[in-house]
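Single-letter residue listing:
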Amino acid sequence: MVSYQMSSESCSVSLDSLWIVGPSRSGKTRRLVEYIGEQVWPQLDSGSTANLMILVFAATGDNRLDLDDRLTRLDPPRGGLLSQTTTPLGFCLNQVSLFWPQLMQQLEIESQFPMRLRPETEQEWASVLWQDDLDRGALSLEGVSPVRLVRQLLDTWALAAASGVAIADIPMILEQGELGSLAKSPDIWHNIGVALKQWRTWCLTHGFLTYGLALDLYGQHLIGDRHYQNYLLQRYQSLCADDVDEYPAIMRYLFELFLDRDRTSLFTYNPDGGIRVGLNADPQYIAQIAQRCHIEDLGNRPNLGLAGMLDLDEIEQVINPLFAEPVHLPAEQIQSLSTISRSQLLRETAETIIDAIHNQHIPPQDIAIIAPGLDDIARYTLIHILNQADISLRPLNEQRPLIASPLIRALLTLLTLVYPGLGRLVNREAIAEMLIFLSHPLLGNAQPNQPPPYWIDPVRAGLIADRCYVPDPDHPHLLDMKVFDRWDRLGYRPSTAYNQIRTWIETQKEGRSQRLLTTPLIFLDRAITRFFLNHTLPYDQLAAIRELMETAHHYWQIHHRLHPNHSPLAQFIQLLRQGAISANPYPVRPTGSKANSVTLATIFQYRSSRYTHRWHFWLDASSPLWLKGGAANLWAAPLFLQHRLGQPWTVEHTQEADEERLRRILLDLLTRVEERLYLCHSDLAVNGTEQTGPLFALVSASHELNYHGSRSVEC
């Protein structure tokens, strides 16, 4: 099923290649960088390789930045001149775009130059393409909604492509994987194959590049092409890959190419890593190239953090449901916070952190709160209580729908008042909210070092919306404030702010009628400049505004290619309100006050970022979600692992995989906490169910903190 076959040289050992293996925090990346400086740089300085570079891979974008910084700091600092750092997915996207004309010629397809199709836009257009099949039930699985099914099929193609599986083989693998209980008809797997081929052809014809298509073209066509292989070897002298236990299977094809030609290749591997297993990583398949390298083993078990102080075998035994012997964990290192309700647990967790920072002099940046999953209630409660104590909390890599930001909702409401035909997308509540947040900085003169107040408060905003907003399907609008009695009692500041907002809206409507606003993008830019950018806003709000503009620009580009004469404004607003688009705030590294903050993260986010803290608070320690590692597997992901391609996946296999994942999580997190671990447990979850997850025995075996809160903090 894999299109590209390894050469007969694959059994040979590359003399200059190194496989660095070790647990978390054992110094694998440091050793990799040292080897580059000691062995690889000198090779590139020679006359025969003066024009070549090193191709350097990192598992994620954040890790890539860190690795690039380390290479730049080498002595002499030549990293940016002699190396190119990238991620596996970023590399595939870049190479497919670069060789797009050649690929289209091979496939005999006439196509425009490729344009990236983001996941939320991908789902929208795939739903349109498959709408007839979804409506008549040709594409349907038991208990799966049409929206979720579309996402699952797109993810399945990406998984297959990352594993080197051709799109034609996907139906057979799904059928063999004992997913038959989900099938409503025996033709479902055939129909899925037809739908995916149809989607692939549609993307190629229109020149849209998705993650699935990029991985498919790279693994099935590009990496096996001799001309492309010669290009790589002429451009890159060496290859380095950090944390290859997080890489998709098709990256092995690239690694084998360099090893076959005796090019220096360096790899780091964590046997207990595999954070992305179930998403697209295949560490067991990638690890087979270790036999072709010199192996440098940095240790079998982690010896840093609490992992170096505890008996890890005993830890693993205590979470075994069949283990009944009492175990006493060291009270100085591991303690538990136990409450009945989760709301009480959130409060006690926050107050314990406040006490540690104020009385035990633990800096906020040395504390991390880690949970298998984070809901809005937990996030808001922790941020609110800690902020009241003048402690900042930084959610790590927070991804929330753009529509969750009130500033974004205010901008969308503005659109409905300026552009015709959008009246059904707005109501009085939205108008009132818009007035509140657009009046935030209008009159200036706020007090220094304090957030400026909203000149129109919620009560007055509601009154104005009730009296001055005129709903209309085509032309909703705002009336002058003087239309209702005693308008003067609203006050000078609210009245002035409202008049400024209304006057600005009328000016933009006049500009649109005169064709001065050629696209809604120009209007959004004007609105952001007028109401937000001239004033100090919190970091997360600025990030959301930036993501809105990037998303709108992308959305209009796609629609202009497909329907040049059609404005997708209504569809754009509806897509945002469905919560399909998430903000990805940048820069990814904290600066200023954010650098001196308590970190809040899910298990998956924390492990992926490879952070380390002195103190850990494991929230919801007895939740069953710990078995999933905070990141659920993509649908049918185990069926596309190379060592068990298409083999049936049973309940027993799922249980074994969950237990193995939990073991890796414990080893990794215990290595990343330096001094103290708090297991935060509540008897009842948010929905009222009793929590007896896989770490419940560990909570019971730990020393319970005798908490006597002396601080009263209003939530």
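Above this text you will find the structure in question.
As a starting point, this report considers the structure included with it. (Residues numbered from 1 in each chain as written. Predicted model: local features only at pLDDT ≥ 70, side-chain atom pairs only at ≥ 80, totals over all residues. Heavy atoms only, no water.)

### Side note on the packing of helix α12 (residues 226-235) against helix α13 (residues 251-260)
For step 1, the next point in the chain: With their axes 11 Å apart at the nearest point, α12 and α13 run at an angle of 65° to one another. Pair α12 / α13 crosses with right-handed handedness. Here α12 contributes Gln229, Leu232 and Leu233 to the contact with α13, which in turn contributes Leu254, Leu257 and Phe258.
For step 2, the next point in the chain: Here the contact of α12 with α13 is composed, by residue class, of 5 nonpolar, 1 polar and no charged. (Axes fitted to C-alpha atoms, helices over the stretch in contact; angles between N-to-C directions. Helix = DSSP H or I, 4+ residues; strand = E, 2+ residues; numbered from the N terminus. Left-handed = near helix turned anticlockwise from the far one by under 90°. Contact = heavy atoms within 4.5 Å. Nonpolar A, V, L, I, M, F, W, Y, C, P; charged D, E, K, R; others polar.)

### Notes on the sheet that holds strand β1 (residues 18-21)
For step 1, the next point in the chain: Strand order across the open sheet formed by 6 strands is β3-β2-β6-β7-β1-β8, with parallel pairing between neighbours. Every other strand in the sheet has two partners, leaving β3 (83-86) and β8 (294-297) as the edge strands with one partner each. The mean inter-strand angle of the sheet, taken between neighbouring strand axes irrespective of direction, is 15°.
For step 2, the next point in the chain: As judged from the 3 bridges shared by strand β6 (residues 236-241) and strand β7 (residues 265-269), these two strands associate in the parallel manner. Paired with Ala241 across the strands is Phe267, a residue of β7.
For step 3, the next point in the chain: On the sheet, α13 packs against β2 (53-57), β6 and β7 and is oriented at approximately 135° with respect to β6. (Pairing = 2+ DSSP bridges.)

### Considerations on the layout of surface pockets
Left-over empty space is what a probe sized like a water molecule reveals as it rolls over the atoms.
For step 1, the next point in the chain: Of the voids in this model, the second largest pocket is the one considered here, and its volume is about 720 Å³.
For step 2, the next point in the chain: Lining of the second largest pocket is provided by 32 residues; of these, Asp66, Arg70, Ser609, Arg610 and Arg672 occupy positions nearest its centre.
For step 3, the next point in the chain: Sorting the residues of the lining of the second largest pocket by element identifies α1 (28-45), α2 (61-72) and α25 (603-609) as the ones contributing at least two each.
For step 4, the next point in the chain: Sorting elements by how many residues they give to the lining of the second largest pocket places α2 first, with 6 residues.
For step 5, the next point in the chain: A class-by-class count of the residues in the lining of the second largest pocket yields 8 nonpolar, 9 polar and 15 charged. (1 Å grid on protein atoms, 1.4 Å probe; cavity = no way out; pocket = protein on both sides within 12 Å on 5 of 7 lines; lining within 4 Å. Points joined across faces, edges and corners; volume = space filled by probe spheres on them.)

### Let's talk about empty space enclosed by the protein
For step 1, the next point in the chain: Applying the stated rule across the entire model yields 3 cavities of 30 Å³ or more.
For step 2, the next point in the chain: In this structure, the largest cavity encloses a volume near 100 Å³.
For step 3, the next point in the chain: What lines the largest cavity is a set of 14 residues, among which Ile275, Phe604, Lys628, Gly629 and Arg661 lie closest to the centre.
For step 4, the next point in the chain: Elements that contribute at least two residues to the lining of the largest cavity include exactly α25 and α26 (651-671).
For step 5, the next point in the chain: Among the residues making up the lining of the largest cavity, the classes are represented as 7 nonpolar, 3 polar and 4 charged.

### Let's talk about helix α6 (residues 119-129)
Every α-helical turn comprises 3.6 residues, leaving residues that sit three or four positions apart pointing alike.
For step 1, the next point in the chain: Among all positions of α6, only Glu120, Thr121, Glu122, Gln123, Trp125, Ala126 and Ser127 are buried.
For step 2, the next point in the chain: Turning to α6, the residues buried within the fold contact α7 (131-135), α8 (146-162), α10 (188-206) and α23 (539-562). (Buried < 20%, exposed > 50% of the residue type's maximum accessible area, 1.4 Å probe, protein only.)

### Things to note about the nonpolar core
For step 1, the next point in the chain: If you look at the biggest cluster of nonpolar residues, it comprises 86 residues, and the most contacted ones within it are Trp130, Tyr218, Leu254 and Phe255.
For step 2, the next point in the chain: Apart from residues lying up to four places away in sequence, Tyr218 is in contact with Phe91, Cys92, Gln95, Val96, Ile223, Tyr228, Leu232, Ile250 and Leu254.
For step 3, the next point in the chain: The next biggest cluster of nonpolar side chains, apart from the first, holds 59 residues, and it includes Tyr498, Ile501, Leu517 and Trp556. (Core = buried A, V, L, I, M, F, W, Y, C linked by side-chain atoms within 4.5 Å.)

### Some points on helix α5 (residues 100-107)
For step 1, the next point in the chain: Restricting attention to buried positions, one finds in α5 the residues Trp100, Leu103 and Met104. Burial along α5 is one-sided: seen end-on, the buried residues are contained in an arc of 100°. Of the exposed residues in α5, those oriented more than 90 degrees away from the buried face are Pro101 and Gln105.
For step 2, the next point in the chain: Tucked inside the fold, the buried residues of α5 contact α4 (88-98), α10, β5 (208-209) and α11 (211-222).
For step 3, the next point in the chain: In the stretch just after α5, Glu108 is the one whose phi turns positive, near 55°. (Arc of directions from axis to C-beta.)

### Quick look at the packing of helix α18 (residues 406-418) against helix α24 (residues 569-577)
Geometrically, a packed helix pair is captured by the angle between its two axes and the distance between the axes.
For step 1, the next point in the chain: Remark: α18 packs on α24, axes separated minimally by 11 Å, with the N-to-C direction vectors making an angle of 155°. On the basis of their axis angle, the class for α18 and α24 is roughly antiparallel. Classified by chirality, the crossing of α24 by α18 is left-handed. Each of Leu412, Leu415 and Thr416 in α18 lies in contact with α24, whose residues at this interface are Leu569, Ile573 and Leu576. (Parallel < 35°, antiparallel > 145°, perpendicular 65-115°, else oblique.)

### As for the pattern of salt bridges
For step 1, the next point in the chain: Following the criterion strictly, the structure yields 33 salt bridges and no others.
For step 2, the next point in the chain: Arg151 serves as the salt-bridge partner of Asp155, at 3.3 Å between the closest nitrogen and oxygen. Of this pair, Asp155 and Arg151 both sit in helix α8, 4 residues apart, which is roughly one turn of the helix.
For step 3, the next point in the chain: Judged by its relative accessible area of 22%, Arg151 is partly exposed.
For step 4, the next point in the chain: The shortest N-O distance in the salt bridge between Arg292 and Glu256 comes to 2.4 Å. Linking Arg292 in the loop between α14 (283-286) and β8 with Glu256 in helix α13, this pair joins segments that are 36 residues apart in sequence.
For step 5, the next point in the chain: Each of Arg252, Glu256, Asp260 and Arg292 takes part in salt bridges that share partners, so that together they form one network. (Salt bridge = Lys/Arg side-chain N within 4 Å of Asp/Glu carboxyl O.)

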